[in-house]
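Residue-level listing of the chains:
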Amino acid sequence: MRATGLGAMLGIQWRTHRRGTLVWMFALIASMVATAAAVAGLYTTPEKIHTYAQAVTSGDALVAINGRVEGIDSLGGIIQDEFGFLAAFLLPLLGISLVAKVTRSEEEAGRLEALLGGRVARHVPMLAGLIVASAAIFVTAIVFALGLIASGVPATRSVLYAASLGTLAFVFAGLAALLAQVTLHSRGVYVWSLLVLAVAYLLRGVGDVTKTWVTWLSPLGWAEKAAPFGAMRWWTLLIPLAVGGLL
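Attention in this report is confined to the structure presented alongside it. (Residues numbered from 1 in each chain as written. Predicted model: local features only at pLDDT ≥ 70, side-chain atom pairs only at ≥ 80, totals over all residues. Heavy atoms only, no water.)

Attention now goes to a nonpolar patch on the surface. Residues Trp-213, Trp-216, Leu-217, Trp-235, Leu-238 and Leu-241 make up a contiguous nonpolar surface patch of roughly 700 Å² in combined accessible area. Within the element layout of this structure, Trp-213 appears in the loop between α9 (186–210) and α10 (219–225). (Patch = residues over 30% accessible without salt bridge, like charges linked within 9 Å, V, L, I, M, F, W, Y side chains within 5 Å. Areas by Shrake-Rupley, 256 points an atom, 1.4 Å probe, with all protein chains shown as cover. Salt bridge = Lys/Arg side-chain N within 4 Å of Asp/Glu carboxyl O. Helix = DSSP H or I, 4+ residues; strand = E, 2+ residues; numbered from the N terminus.)

For any two aromatic rings, the description comes down to two numbers: the centre-to-centre distance and the angle of the planes. Inspection of every chain in the model, using the stated rule, returns eight aromatic pairs. Between Tyr-43 and Tyr-52 the ring centres are 5.1 Å apart and the planes differ by 70 degrees, which places this aromatic pair in the edge-to-face class. Relative accessible area serves as the criterion here: at 8%, Tyr-52 is assigned to the buried category. Members of the aromatic cluster, connected to one another through ring pairs, are Phe-83, Phe-144, Tyr-161 and Phe-229. We note Arg-204 situated over the ring of Tyr-201; from NZ or CZ to the ring centre the distance is 4.9 Å. (Phe/Tyr/Trp six-rings, centres within 6.5 Å; stacked < 30°, edge-to-face > 60°. Buried < 20%, exposed > 50% of the residue type's maximum accessible area, 1.4 Å probe, protein only. Lys NZ or Arg CZ within 6 Å of the ring centre and 35° of its normal.)

What follows deals with the nonpolar core. With 55 residues, the main nonpolar core has Leu-91 and Leu-165 as its most contacted residues. Among the secondary structure elements, those contributing two or more residues to this core are α1 (6–42), α2 (46–56), α4 (75–102), α7 (124–150), α8 (155–182), α9 and α10. With 13 residues, the top contributor of residues to this core is α8. In this structure, Leu-91 is in contact with Leu-28, Met-32, Phe-83, Leu-86, Leu-165, Leu-168 and Ala-169, ignoring residues within four places of it in sequence. (Core = buried A, V, L, I, M, F, W, Y, C linked by side-chain atoms within 4.5 Å. Contact = heavy atoms within 4.5 Å.)

We now examine the pattern of salt bridges. Tallied over the full model, the rule gives two salt bridges. A salt bridge links Glu-70 to Arg-233; its shortest N-O distance comes to 3.0 Å. Pair noted here: Glu-70 is in the loop between α3 (61–66) and α4 and Arg-233 is in the loop between α10 and α11 (238–246), with a separation of 163 residues, a long-range link. Note on Glu-70: relative accessible area 25%, which makes it partly exposed. Classification of Arg-233 as partly exposed rests on a relative accessible area of 23%.

Below, the discussion takes up the side chain of Asn-66. With respect to the helices and strands, Asn-66 occurs in helix α3. Setting aside residues up to four positions removed in sequence, Asn-66 forms contacts with Asp-81, Gly-84, Phe-85 and Arg-204.

Time to look at unusual backbone geometry. A negative phi angle characterises most non-glycine residues, just as the trans form characterises most peptide bonds. Despite not being glycine, Ala-227 has its phi angle at roughly 45 degrees, a positive value. Take Ala-227: it is sitting in the loop between α10 and α11. Look at Ala-227 and you get buried, because its relative accessible area is 2%. Located in the positive-phi region is Met-232, a residue other than glycine, with phi close to 55 degrees. Residue position: Met-232 is located in the loop between α10 and α11.

What follows is the structure, given as structure tokens:
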């Protein structure tokens, strides 16, 4: 299957959607880096970090909301816990929105059919959309890792945490690409993607509270089980990469 017109399609998508893409990226990066900087400025001693860890692990309510963070008694662990709720929704939404805009939204506007009438293969707009979305996710993850390092988090752990969030976004970008083929409108892509996200959040919460294997059924659980500030399971990144690629 030849990717006829891929270069032109990438250029068109970037020119027509770069503003929205950059806004998404900057907003997400700003929220992540601001959270990291605020936590680093507040928890400046081992005693303060230990007090925080004791407070958030004393019950199941916060675990259900933010996840069960391995290495919570570290600066990076606190950042992961504080950003846990936002990360569970913002990263998947990044992947969903970037793909939905260049697929069903373009078709509904009538622009996609005009492009396909020229020398552009039918699968190329989707391929180009996934490439642009993946590139945006990759850049966002890199900048977030740099922000964590600047806040005093060890570099290796920063990279693993950023990578776990990036692969989470990639899973939902793949899901959006699949849904764009089976739904009639862009709102269908958003509705079904958000429904899957809600189920994933519920499964992760149930698994964390009960300390069972249910967590592994959720893409959010895969990101959590990477344990960037605990055991550092790099191999867990292969799961979302494989699932996102298959989708």
